[in-house]
Each structure stands twice: as structure tokens, then as C-alpha cells.
Amino acid sequence: MSDEAVTAEADAPRELAGTVAIVGFPNVGKSTLINRLTESRAAVVHETPGVTRDRKELLCEWNGIWFRLIDTGGVDEVEGGPFGQKIADQARAAIDEADLVLFVVDARAGITPGDEELATILRAAKRPVIVLANKIDDPRRDPEAAVFHRLGLGDPWPISGLHGHGTGDLLDEIVQRLPGTGEITIGADAIRVAILGRPNVGKSSLLNRIVGRERVIVSEIPGTTRDAIDTVLQRGDTTFVLVDTAGLRRKRKQRQGIEYYSELRALQAADRADVALVLFDASEGIVEQDLAVADIARKAGCSTLAVLSKWDATELDIVEAQGHLARRLRQRPPVIAVSAKTGRGIERLLDKVEQLFAKHNGRITTGELNRALDELKEARPGPQGDRGRRLKLMYGTQVETRPPRFRIFVNAPSLVTRDYGYWVENELRKRFELEGVPVSIDFVKSE
Ligand code: GDP
Ligand code: GDP
């Protein structure tokens, strides 16, 4: 694990105050400036190289305030003519997402045709801009910044990315100009939710529907693993943390060709989650790959809610689907039908997540558990060993929550067969309404 990732974990997740984009022509000093801005007190906790080769995202901190920095510095191809199409496209995309744009120009070179082109784009975009007249290494030369007034984007700031002249003030200015500077702390009772499913099952559409509801408050925070950005959602008294959603929230066209939910990514998200929404595309029916995703969720210790997506476009019968999933999936997940298109089921989905989490995090008293075990002893005799010895359930207790884990004392653990173990698991699941919850049982020799 890198140092950066460790920093991210040491600091509690915080709200991002906003997004800053750095644009400018090649060689004006963007990379040098970014190194300067992120080196000293500002911690670079995150790097997201995956998006495109030409673009990096960094999470930065200044005086306890976090913001995202989009670096378009990797674009250096100037193809034909005075102005590179690629640079313009990159800049437009970055500006689109930014709350504040840092427009870097080279004070030694003066205004170039490229600067003028970018200035035109920026004036049209109507985003807050700070023009940085870079490479003014000597403060006595600060007045030279003034020529960049002509770009029509306000007072230029004299700075030197290389020597650090003006960069501390710049960071102060950046955090002041960002929309949100509040901090939120995510309590231990927040429900961590992963949205899982094979490509095109409708994960992004569902997420956007969920966060688009008016009765929820949404913000983004750095996740605890490298690369991940989580979405925090407050509904009434309940906080939901939607794990690793940056890729899903990004506009569709920007994530083309990127599979955010490759298996590894899904594993990491599931590992951090309490509840997994496992999506099944109802317009296509349930396929093997979907069942494999549900298995990932169970093995990661998530409680599973099976979400039949695109319900507006199917003939599927929900009762049949439920039966099918109960037969195929060990955790017997509850099922909900939703449509991101019409909004059907979305409000209920969050209710279901809360209910499922209550079970996931719940505790069954030793009295209740032992009454259930007594019934199980009556219902089915334990498996028999070679010398006629029979397994006997003695008593049990719940030893862990979130997810639940039980310890059941027996006369001879070696007599527990796979079949019998599953049967006990399912009986407990039925009795305590643990559908969807991964139930672990350790059979232990009674002394
Ligand atoms: P980018 O292409 O915009 O990312 O530019 P770089 O950061 O790679 O810088 C281009 C060149 O300008 C490099 O040779 C840097 O050393 C130089 N440079 C960057 N910032 C400054 C500065 O503040 N002062 C001086 N004198 N040179 C700088
Ligand atoms: P992801 O790859 O799992 O994130 O899936 P997307 O959310 O990008 O959706 C894949 C495709 O399914 C897109 O063409 C969506 O328009 C479509 N889609 C998503 N949700 C619904 C829905 O509720 N109803 C219908 N009819 N189509 C949907």
C-alpha cells in the first residue's frame, strides 16, 4: 500500500468542498504548479490514473478542507494550426465539472494565440476562473502579470510554480472560492451500500435516480481505498454511504470504454459494504453471471438485496424470479423490482436497505436462539457417524454482528455434514427473518 493511501485512511473521510480544474497550454508550467500545490501541506491522497491517459484527478487538502483537482496536464499534442483540438476538448470536459478553473499562462512568453483560444472557451463557460501568470520567479516582477488582463478573465495572479512564490495565497483563495467547506463525519451507524452488477444492468441509472431524489442530501467523500470516491446520502436520520460511486456518477459519455465494475473493483466495494444491491436486468432475465456477482457479495459478508432493474421493460413475474433466486442463492435474498426510467420502487429500495441493515446488524438473544435450536433438534435428528454416534446440538449464542455469526456447541463437530450445516443455517434464516443476510455458524465442541 502506498503512503498516499495510508494518509487517506488515517484522516476520517470528509466532504469535498468542490472541484478545481487546471487548464493551460503545454509548457506553461501546469505540472510544476500541481507538484507545488500538492507537495507541502496539501496531501495528495488519491490519484485516479484510469480515466484517460491525458487526465488525472487528485484529492487535495488545505487547512482541513478537501477538494478535487483535475489535471489536464498530460495533453501535449498540438496537432496542426496554432491550437490543438485535443487541448480544447480536454479543457472543455474539465471546465464542465469544475467549480473553479485555474488558467495557467506563461508570463515570460506573454499572451499566445493558444491562451486566447482557451480564454474564449472560458469566458463562454461562465465558470469562476483565476488566471495564473506563471514563471514570475521574482516578486519584483509581479507587475508583469498585468498584461493578461486582456484575456478578459479578471485580475491575473503572479506566481511561480517552480519557486512557490504566491502559491500559499493561491491555496487560501481556492478553498475560499469553493462552494462547500463544511465537514461531515460519517458515524459508525452509517449504512455502507455497494451497487453491484455486470455491465449495463443499470447501475449508474439506478444510482442517479437514488441521488436525484429531493428528500436526500448528497455529498462526495474520498473512499478509504485508493481511487474510490463514495457518495454520502442523508435521508431523515439515516446516513447511507454508497461505496465507490465516482465511476457510476460520471456522465455516461465520459466513462465509455471503462469498466468500473470489473470483478476486482466489485470485490473491493463489497468488502467495504454492509449491504449489496445486486442488480439483475429484468429486460434480459437472470443469467449465471448475475448469480456469480451475488456470490461475491455474500462471500464479502454483505447482506444482499436482489434488485430487478428495468422493470418497465419486462414480462418477468416477480414471484417466479424470487423463487428462482431463492433456489440458486444461498443467502436467499429479498427481491425488489425497480425502474430507473419511471422511478418505480426507488423510495422503497432505501426502506428495504434500512430493514436489511437492521437484520445485518441485529442481535438475537441467547434465549431466542436456544428456543430455536430446541425446535431444530425436534425437527430433524443430527447426522450419524460410523460407530452409530449421532450429532447433537447442545446450545448456542450469537458472537458477532454486522454480519451475524453464531457459535453452536455440539457433542461432535466432525459429524456436521455440509447438508446439515446448510439446513441449520436456513432454518435460522427463516425463523429470524435473515433473508439476504450472510449467516455464519461455527460448530464447536461442547466441553
Ligand atoms: P506543463 O506542460 O504546463 O505541465 O509545464 P511543466 O510544468 O512541464 O513546465 C514546463 C517548463 O517550464 C519546465 O521546464 C519547467 O521547469 C518550467 N517552469 C514551470 N514553472 C516555472 C516557474 O514558475 N518558473 C520558471 N522559471 N520555470 C518554470
Ligand atoms: P451500468 O453499466 O450498469 O451502469 O448501466 P447503465 O445505468 O449505464 O444502463 C445501461 C442501459 O440500460 C442504458 O442504455 C440505460 O438507458 C438502460 N436502462 C437503465 N435503467 C433502465 C430502466 O429502468 N429502464 C429501461 N428501460 N432502461 C434502463
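Computed from a predicted model, the values in this text were never measured in an experiment.

Let's talk about the site of ligand 1
Neighbouring ligand 1 are 15 residues, the closest being Asn 27, Lys 30, Ser 31, Thr 32 and Asp 137. Here Lys 30 contributes a backbone N or O atom positioned 2.8 Å from an oxygen atom of ligand 1. Protein chains bury 74% of the 580 Å² of accessible surface belonging to ligand 1 in isolation. Considering each element in turn, the shell around ligand 1 owes the most residues, three residues, to helix H2 (residues 30–39). The class makeup of the residues in the shell around ligand 1 is four nonpolar, seven polar and four charged.

Some points on the pattern of salt bridges
Inspection of the entire model under this criterion finds 26 salt bridges. A salt bridge links Asp 106 to Lys 135; the shortest N-O distance between them is 3.1 Å. Linking Asp 106 in strand E5 (residues 100–106) with Lys 135 in the loop between strand E6 (129–134) and strand E7 (157–158), this pair joins segments that are 29 residues apart in sequence. You can call Lys 135 partly exposed: its relative accessible area is 24%.

Section: the environment of Val 129
Take Val 129: it is sitting in strand E6. Val 129 sits in the buried class, given a relative accessible area of 10%. Sequence-wise, Val 129 and Phe 103 are 26 residues apart; in three dimensions their C-alpha atoms are separated by 6.8 Å. Apart from the residues within four sequence positions on either side, Val 129 is in contact with Leu 100, Val 101, Phe 103, Leu 122, Leu 153 and Arg 177.

Details of the packing of helix H3 (residues 85–97) against helix H4 (residues 113–125)
Where H3 contacts H4, the axes come no closer than 11 Å and their chain directions differ by 25 degrees. Judged by the inter-axis angle, H3 sits roughly parallel to H4. Our pair here, H3 against H4, has a crossing hand that is right-handed. Taken together, the residues of H4 that come into contact with H3 (itself represented by Ala 88, Ala 91, Arg 92 and Ile 95) are Leu 118, Ile 121, Leu 122 and Ala 125.

Thresholds, definitions, all that
Note that residues are indexed from 1 along each chain, following the sequence as it is written. Chains carry letters from A onward and ligands carry numbers from 1 onward, assigned in written order. With the structure being a predicted model, the display of local features is reserved for residues of pLDDT at least 70 and the display and counting of side-chain atom pairs for 80 or more, all residues being used for whole-chain, interface and lining totals. Each side-chain value is derived from all of the structure's non-hydrogen atoms; neither hydrogens nor water enter the calculation. Here a residue is near a molecule or strand as soon as one of its heavy atoms is found within 4 Å of it. Here a polar contact is taken to be a pair of N or O atoms separated by no more than 3.5 Å, where protein atoms must pair a possible hydrogen donor with a possible acceptor and residues adjacent in sequence count only if both atoms sit in side chains. A 1.4 Å probe and the Shrake-Rupley method give the accessible areas. Residues count as covered only by the protein chains that appear here. Helix and strand definitions follow DSSP, with helices as H or I runs of at least four residues and strands as E runs of at least two, each counted in order from the N terminus. When residues are sorted by character, Ala, Val, Leu, Ile, Met, Phe, Trp, Tyr, Cys and Pro go into the nonpolar class, Asp, Glu, Lys and Arg into the charged class, and all the rest, Gly among them, into the polar class. When a carboxyl oxygen of Asp or Glu is within 4 Å of a side-chain nitrogen of Lys or Arg, the pair counts as a salt bridge. With a 1.4 Å probe rolled over the protein chains alone, any residue whose accessible area is under 20% of its type maximum counts as buried; one over 50% counts as exposed, and the rest are partly exposed. Throughout, a contact is declared for two residues whenever any of their heavy atoms are within 4.5 Å. To get an axis, fit a line to the C-alpha atoms, keeping to the stretch in contact for a helix; angles then go from 0 to 180 degrees between the N-to-C directions. Oblique is the label for any angle not covered by the other classes, which are roughly parallel (under 35 degrees), roughly antiparallel (over 145) and roughly perpendicular (65 to 115). In a left-handed crossing the near helix is turned counterclockwise from the far helix by less than a right angle, and in a right-handed crossing that turn is clockwise.

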